[in-house]
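Results of the structural survey
So the chains spell out like this:
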Amino acid sequence: MDLLRARAAGAPPSLPAVDALVAVARPEEPMHCLRPAAITEAAAGFVAGFPGETLYAVKCNPEPAVLRAVWAGGVRHFDCASAGEVALVRSLLPEAAIHFMHPVKARSAIREAWQRQGVRDFVLDTPEELAKIGAETGAGAAEGLGLFVRLALPKGVARYDLSGKFGAEPEAAAALLRAARPRAARLGLCFHVGSQCLDPLAWRRALALAGAVIRAAGVAVDVIDVGGGFPVAYPGVTPPPLGAFFAEIEAAFEALALPGAALWAEPGRALVAGGGSVVVQVQQRRDGALYVNDGVYGMLSDAGAPGFVFPCRLIRPDGPAAAEQEDFVLFGPTCDSADRMAGPFRLPADIREGDWIEIGQLGAYGACLRTAFNGFDRARMVEVRDRPMLEATEIGLAEEALVEETLAEAA
Ligand SMILES: *Cc1c(COP(=O)(O)O)cnc(C)c1O
């Protein structure tokens, strides 16, 4: 990937590096650093490698610069879950294909999506939602309505289990497929194995279940959507390369032998995690605890109760730091004692008030979860040229040409 890397690092060359920005701006508020080239590269890698259509799950990071970077990587389909997301994508990317993939929608959101935003595909997991979509669009197969049945999966091994909230059990899903078939120009079956799922076999099992549901339904299905959940690297977590997931999915999909059916995926984290970081400043040190100016009500939600460990590094523009490293706990700025991030954050032993820390892999489920709680909402966003703080596992040198091609086509 050297060629790509060189181009990503140099494109656009006008963007500053994180260290230079900190040295000049000396930010006393959190600084969100967005790496558009890294996002474009990750998106192009996914599009080139996945044996089907790639939809970007907008909730993961809806920042306009992120949506544009994903588009530049060749993604043309967007998975939205609300009227707000639909309107945002439509306003920024008029040519985008938008799919409404939330199984429980406001009636007004369905109407607006269908009538004003050109959305044709809607997800459901109950007969009530099927009726709602029919009533609010006033459309059926003849008008090009797309209906996707969300299948419930048994609790899996993903870092974030999503089995508890949405999805129809197999028997109900088969009944929904049968009910939806005559009303749909395009009928799909979708699922989500859970976020940050490290096991490629989770998709094989889910696809086998999807096949059983389709056989039970006895109707033809046009799309199988394998959802998101594709993992990225965190300290101490090195997922298998994406290619291993793609191979598993392709084999399991082919084993279903569904003539004419298309394969879709809805990655979020895998496209954007490496593309974001936050620079925080140390406001006080108490032994092994650092009080910093962003926390779980800011960009670091997943570092709190969910216990994700993020990569970090010291930024001290004015001089060298101790070679010796220690594990630190971080406290965020709000008065809530839950505003605590156990990490561990491994940093130079002499870290002190006034130092900055860059915390990485925050492009997914970072900035979009922040709140204004306690008045700490003054973060600034900047675009930078840096590489991700942790590189994704290589998708394989053989695919470099394919990624190049995808980038060229998207340009
Ligand atoms: C959140 C979500 C995704 C994206 O999940 P990642 O784990 O970020 O890849 C995709 N599809 C649906 C329906 C989701 O809710």
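Residues numbered from 1 in each chain as written. Predicted model: local features only at pLDDT ≥ 70, side-chain atom pairs only at ≥ 80, totals over all residues. Heavy atoms only, no water.

Short version of the rule: UniProt positions are given in the numbering used here, feature names are shortened, and annotations may be inferred rather than shown by experiment.
In the nomenclature of an unreviewed UniProt entry, the chain corresponds to ornithine decarboxylase from the organism Roseicella frigidaeris. As stated in UniProt under Catalytic activity (unreviewed entry), the record for the chain gives "L-ornithine + H(+) = putrescine + CO2". UniProt's Sequence similarities (unreviewed entry) comment on the chain is quoted here verbatim: "Belongs to the Orn/Lys/Arg decarboxylase class-II family."

1. Details of the overall build of the chain
Defined as follows: Helical segments are the DSSP runs of H or I of at least four residues, strand segments are the runs of E of at least two, and each set is numbered from the N terminus. Radius of gyration here is computed from C-alpha atoms only, and the compact-globule reference equals 2.2 Å multiplied by the residue count raised to the power 0.38. Partly exposed residues are those whose accessible area sits between 20% and 50% of the maximum for their type, while under 20% is buried and over 50% is exposed, using a 1.4 Å probe and protein chains only. Note on contacts: a residue pair is in contact if any heavy atoms of the two residues lie within 4.5 Å. Working definition of accessibility: Shrake-Rupley area with a 1.4 Å probe, residue cover restricted to the visible protein chains. His residues and chain termini do not enter the charge count, which takes Lys and Arg as positive and Asp and Glu as negative. For this purpose, a charge sits on NZ of Lys, CZ of Arg, CG of Asp or CD of Glu.
Within the chain, the regular secondary structure consists of 12 helices and 16 strands. Relative to its length of 411 residues, the chain is compact, with a C-alpha radius of gyration of 22 Å against a globular reference of 22 Å. Dimensions of the chain, computed from C-alpha atoms along their principal axes, come out at roughly 70 × 45 × 35 Å. Looking at the chain as a whole, 53% of its 411 residues are labelled buried. Looking at the chain alone, contacts between residues at least 24 apart form 75% of all its contacts between residues at least 6 apart. Roughly 16600 Å² of accessible area belongs to the chain as shown, and the carbon and sulfur atoms make up 54% of that amount. Of the side chains in the chain, 38 bear a positive and 50 a negative charge, and the two mean positions are spaced by 4 Å.

2. Details of the UniProt feature "active site" (unreviewed entry) in the chain
Per the UniProt entry, the sites bearing "active site" (unreviewed entry) are Cys 335 in this numbering. The residue Cys 335 is located in the loop between β13 (325-331) and β14 (340-348) in this model.

3. Thoughts on the pairing of strand β2 (residues 53-57)
Filter applied, for reference: Criterion used throughout: strands pair if DSSP finds at least two bridges between them. Orient the strands so they point away from the viewer, and a crossover whose first-strand-to-second-strand path over the helix runs clockwise is right-handed.
The buried fraction of β2 is high, at four of five residues. One ladder, built from two bridges, connects β2 with strand β9 (residues 262-265); its direction is parallel. Bridging across to β9, Glu 53 finds its partner in Trp 264. With three bridges connecting them, β2 and strand β3 (residues 77-80) associate as parallel partners. Residue pairing for β3: Ala 57 is matched across the bridge by Asp 79. Traced from β2 through helix α4 (residues 64-72) to β3, the parallel crossover comes out right-handed.

4. Observations concerning the pairing of strand β10 (residues 276-286)
Both strand β1 (residues 31-34) and β10 contribute to a ladder of four bridges, which runs antiparallel. What sits directly across from Cys 33, in β10, is Ser 277. Note that β10 and strand β15 (residues 356-359) share four bridges and pair antiparallel. Note on β15: the bridge partner recorded for Gln 281 is Trp 356. Across four bridges, the pairing between β10 and strand β11 (residues 289-292) is antiparallel. Opposite Gln 284, over in β11, you have Tyr 291 as the bridge partner. In this structure, the hairpin formed by β10 and β11 is closed by a connection of two residues, where Asp 287 is found at a positive phi of approximately 50°.

5. Regarding the domain arrangement of the chain
As a measure of interface size, the accessible area lost when the parts come together is often cited. For the record, the criterion: Note that the domain bounds were set by an automatic or database domain assignment. What gets called buried area is simply the loss in accessible area from a 1.4 Å probe that two parts show on being joined, summed for both. Each reported salt bridge corresponds to a side-chain nitrogen of Lys or Arg within 4 Å of a carboxyl oxygen of Asp or Glu. Here the nonpolar group is Ala, Val, Leu, Ile, Met, Phe, Trp, Tyr, Cys and Pro; Asp, Glu, Lys and Arg are the charged ones; every other residue, Gly included, is treated as polar.
What the domain assignment lists for the chain is domain 1 (15-34 + 273-383) and domain 2 (51-266). Spacing between the C-alpha centres of domain 1 and domain 2 amounts to 34 Å. With both sides pooled, the region where domain 1 packs onto domain 2 buries about 1300 Å², and carbon together with sulfur makes up 62% of that total. Scanning the region where domain 1 abuts domain 2 turns up zero salt bridges. Its residues assigned to classes, the side of domain 1 that touches domain 2 comprises 11 nonpolar, three polar and two charged.

6. A word on the sheet that holds strand β5 (residues 121-124)
Inclusion rule: The convention used is that axes are lines fitted to C-alpha atoms, helices contributing only their stretch in contact, and that angles between N-to-C directions extend from 0 to 180 degrees.
Reading around the barrel, the eight strands line up as β2-β3-β4-β5-β6-β7-β8-β9 and close back on themselves, with parallel pairing between neighbours. Each strand of the sheet is rotated relative to its neighbour by a mean of 25°, with strand direction disregarded. Relative to strand β7 (residues 186-190), strand β6 (residues 146-150) runs parallel, the two being bridged by five bridges. Of the residues in β7, the one forming a bridge with Leu 147 is Leu 187. Packing of helix α7 (residues 127-137) onto the sheet brings it into contact with β5 and β6, and relative to β5 it is tilted by some 150°.

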